[in-house]
Amino acid sequence: MANEPSRAQQLLGDIAPKMVELTDEVLFGDVWKREGLSPRDRSLITVSALAATYRPEQLNSHLRLALQNGVTKDELVEALTHVAFYAGWPSGVGALTQLKTIVEEAD
């Protein structure tokens, strides 16, 4: 089976090939693989940053990735509740709503 296209390739490959290259090779090929933080810790930081800046499109996939990287549902709930106090209630509630949908789909 041939390599499946990355998520970036699926979303942007036909319109922004350079952005796909940067996403796949630099962001996920280098930054996410650097020593110093585990993928789990990077996921927790990324989810918090995306929730705080209200980026629901990217948050959805990063919540899923966080669960794959070993962040538990309870840890995500706790982190997003914490974020709500610093980034605003709507950002926290929106992120928690997205997490709820993802967890319900997985069950």
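A quick note: this is a predicted structure, and the numbers were derived from the prediction, not measured.

Visitor: Just to check I follow, could you spell out helix α4 (residues 56-68) for this structure?
Guide: Each α-helix turn comprises 3.6 residues. Residues three or four places apart therefore point the same way. In a regular helix each residue adds 1.5 Å, so 13 residues correspond to 18 Å; α4 covers 18 Å between its end C-alpha atoms and thus fits that length. Within the sequence span of α4, burial applies to Leu-59, His-62, Leu-63 and Ala-66. Mapping the buried residues of α4 onto a view down its axis gives an arc of 115 degrees, with all of them on the same face. Residues Glu-57 and Gln-68 are exposed on α4 and point more than 90 degrees away from its buried face. The inward-facing, buried residues of α4 abut α3 (39-52), α5 (73-87) and α6 (89-106).

Visitor: Just checking my understanding: could you explain the packing of aromatic side chains for this structure?
Guide: Between two aromatic rings, the relevant description is the distance of the centres plus the angle of the planes. With the rule as written, the count across this model stands at 2 aromatic pairs. Ring geometry for Phe-85 versus Trp-89: centroids 5.1 Å apart, planes at 90 degrees, classification edge-to-face. The pair formed by Phe-85 and Trp-89 is uniform in burial state, with each residue classed as exposed.

Visitor: Please explain the layout of surface pockets as it appears in this structure.
Guide: To locate leftover empty space, one rolls a probe as large as a water molecule over the atoms. Within this model, the largest pocket holds a volume of roughly 760 Å³. As for the largest pocket, its lining consists of 20 residues, of which Arg-7, Ala-8, Phe-28, Ser-61 and His-62 are closest to the centre. Sorting the residues of the lining of the largest pocket by element identifies α1 (7-12), α2 (17-27) and α4 as the ones contributing at least two each. Looking at the lining of the largest pocket, the element that brings in the most residues is α4, giving 8 residues. Class assignment for the residues of the lining of the largest pocket results in 8 nonpolar, 8 polar and 4 charged.

Visitor: How should I be thinking about the nonpolar core in this particular structure?
Guide: Nonpolar side chains in soluble globular proteins tend to be buried together. Counting residues in each nonpolar core, the largest one holds 13 residues, and the members touching the most others are Val-47, Ala-51, Leu-59, Leu-63, Leu-76 and Leu-80. Secondary-structure elements contributing two or more residues to this core are α3, α4, α5 and α6. Beyond its immediate sequence surroundings of up to four residues, Val-47 is in contact with Leu-59, His-62, Leu-63, Ala-66, Leu-76 and Leu-80.

Visitor: Before we go on, may I ask you to explain the packing of α3 against α5 in this structure?
Guide: In a packed pair of helices, the relevant descriptors are the angle between the two axes and the axis-to-axis distance. Close contact between α3 and α5 brings their axes to 9 Å; oriented N to C, the two are set at 40 degrees. By crossing handedness, the relation of α3 to α5 is classed as right-handed. On α5, the residues touching Arg-40, Leu-44, Val-47, Ser-48, Ala-51 and Ala-52 of α3 are Glu-75, Leu-76, Ala-79, Leu-80, Val-83 and Ala-87. Looking at the contact of α3 with α5 residue by residue, the classes come out as 9 nonpolar, 1 polar and 2 charged.

Calculation rules
For every chain, the first residue of the written sequence is number 1, and numbering continues from 1 onward in sequence order. For a predicted model such as this one, the threshold for reporting local features is a pLDDT of at least 70, and the threshold for listing and counting side-chain atom pairs is 80 or more; totals across whole chains, interfaces and linings nevertheless cover every residue. Water and hydrogen atoms play no part in the side-chain values, which are based on all heavy atoms of the structure. Secondary structure is summarised from DSSP: a helix means a run of H or I of at least four residues, a strand means a run of E of at least two, and numbering begins at the N terminus for each. Expected helix span is taken as 1.5 Å per residue step, with the number of steps being one fewer than the number of residues. The rule is simple: take the accessible area with a 1.4 Å probe, protein chains only, and divide by the maximum for that residue type; under 20% is buried, over 50% is exposed, in between is partly exposed. The arc under discussion is defined with respect to the helix axis, by the directions toward the C-beta atoms. In what follows, a contact means two residues having at least one pair of non-hydrogen atoms within 4.5 Å. The pairing test for Phe, Tyr and Trp rings, Trp by its six-membered ring, is centres within 6.5 Å, and the orientation test on the planes gives stacked under 30 degrees, edge-to-face over 60, and tilted for anything in between. Using protein atoms alone on a 1 Å grid, points that fit a 1.4 Å probe yet trap it form a cavity, whereas open point sets bounded by protein on both sides within 12 Å along at least five of seven lines form a pocket; residues with an atom within 4 Å of a point count as lining. Grid points are joined across faces, edges and corners, and a volume is the space filled by probe spheres set on the points. Amino acids are sorted into nonpolar (Ala, Val, Leu, Ile, Met, Phe, Trp, Tyr, Cys and Pro), charged (Asp, Glu, Lys and Arg) and polar (every other residue, Gly among them). Residues belong to one nonpolar core when they are buried, are Ala, Val, Leu, Ile, Met, Phe, Trp, Tyr or Cys, and are joined through side-chain atoms within 4.5 Å. All axes here are fitted lines through C-alpha atoms, helices being fitted over the stretch that makes contact, and every angle between N-to-C directions spans 0 to 180 degrees. Should the near helix be turned counterclockwise from the far one by less than a right angle, the crossing is left-handed, whereas a clockwise turn marks it as right-handed.

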